[in-house]
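Below, each chain spelled out in residue letters.
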Amino acid sequence: MRPPSRSLSRSLPLLLVLALTLVGCAAGHTSTDPTGVHDDDFGTARAFAVTEDGTLNPTPDAAAEGIWELYARIATREYAATMMSSYRVGNATDSDTLAYVSPDPDAPGRWTLAANEAFADDRELLTSTLVHEFAHVLSLNTTEIDADSGPCPTLAVSEGCARAGSAILDFQRQFWAAYADAPNPDNDDSAVADAFYAAHEADFVSAYAATNVVEDFAETFMTYVLETAPADASSPIGAKMAFFDAHTSWAAQATRIRTALGR
């Protein structure tokens, strides 16, 4: 059973579901062929270690490397080298999963990126997904979440307990605490999310954002980075955009990502 993962789904001409998952860590280019591993979403995947300089071992083919290089631009290669333990790539045309993430139980504090190259040709979708997933890594890492806590007095998520002052806790208190019908923070039931979205559509940047507070945070940050701010700054979505303006480290990340992507 793999650790809980954070995933992203969108309704498009072809449904693509996105997320990221963690595995072990390694350094140094020593092998020549990727390890074949079983993946619940892709069937068979090729596994690569993320080395201490943010490159991959062994060297991937062009398609797999293209996805990794885009993530490294979004996260920065230095951050990827520090936070990511491994990268796996499948090519499953019968899967609706593009990518997925969760903490690495064998390397606490580190993460892995998994991607399905069969659906990676949609560059805009891939970019928005990787920004969304980078937001998960930024907001759910061990500086923001206490993975070893007991009873949680703040916000309990599958990764642990939100630390006082964490961005995800501030977001939950500002935008989710008042709901009487909110899905729990680890909800992944699309029927629950759809019902919640139908009741509060004006509050969310997408239907997927209504899944839970963690997905709302990541979807909203992705929108903040890549899309034009809403005309009505006083709207619920406008208030969420202003949240990231006010959290200056997140605003700085967004500016850096836009520059890295040439936007």
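First, a word on scope: everything that follows refers to the structure included in this document. (Residues numbered from 1 in each chain as written. Predicted model: local features only at pLDDT ≥ 70, side-chain atom pairs only at ≥ 80, totals over all residues. Heavy atoms only, no water.)

On inspection of all chains with the given rule, the structure shows 6 salt bridges. Where Arg263 meets Glu124, a salt bridge forms, and the shortest distance between an N and an O atom there is 2.9 Å. Here the residue Arg263 occupies a position in the segment after α8 (248-260), and Glu124 occupies one in helix α3 (residues 123-140), the gap between them amounting to 139 residues. Looking at Arg263, the relative accessible area reads 45%, which means it is partly exposed. Since its relative accessible area comes to 49%, Glu124 is described here as partly exposed. As a salt-bridge pair, Asp216 and Lys240 come within 2.7 Å of each other at their nearest N and O atoms. Here Asp216 is found in helix α6 (residues 213-226), whereas its partner Lys240 is found in helix α7 (residues 236-246), with 24 residues between them in sequence. On the accessibility criterion, Lys240 (2% relative accessible area) is buried. (Salt bridge = Lys/Arg side-chain N within 4 Å of Asp/Glu carboxyl O. Helix = DSSP H or I, 4+ residues; strand = E, 2+ residues; numbered from the N terminus. Buried < 20%, exposed > 50% of the residue type's maximum accessible area, 1.4 Å probe, protein only.)

In the structure shown here, the tally under the stated rule is 1 disulfide. Paired through a disulfide, Cys152 and Cys161 show a sulfur-sulfur distance of 2.1 Å. Disulfide Cys152-Cys161: the torsion about the S-S bond is 75°, which places it as right-handed. (Disulfide = S-S within 2.5 Å.)

Turning our eyes to something else, we now look at the packing of aromatic side chains. Counted under the stated rule, the structure contains 27 aromatic pairs. Their ring planes at 35° and their centres at 5.9 Å tell us that Trp68 and Tyr71 sit as a pair that is tilted. Taken together, the residues span about one helical turn, with Trp68 and Tyr71 both in helix α1 (residues 62-75) at a distance of 3 residues. Judged by relative accessible area, Tyr71 falls into the buried class, the value being 0%. The ring of Phe175 carries Lys240 above its face, with NZ or CZ at 5.8 Å from the centroid. (Phe/Tyr/Trp six-rings, centres within 6.5 Å; stacked < 30°, edge-to-face > 60°. Lys NZ or Arg CZ within 6 Å of the ring centre and 35° of its normal.)

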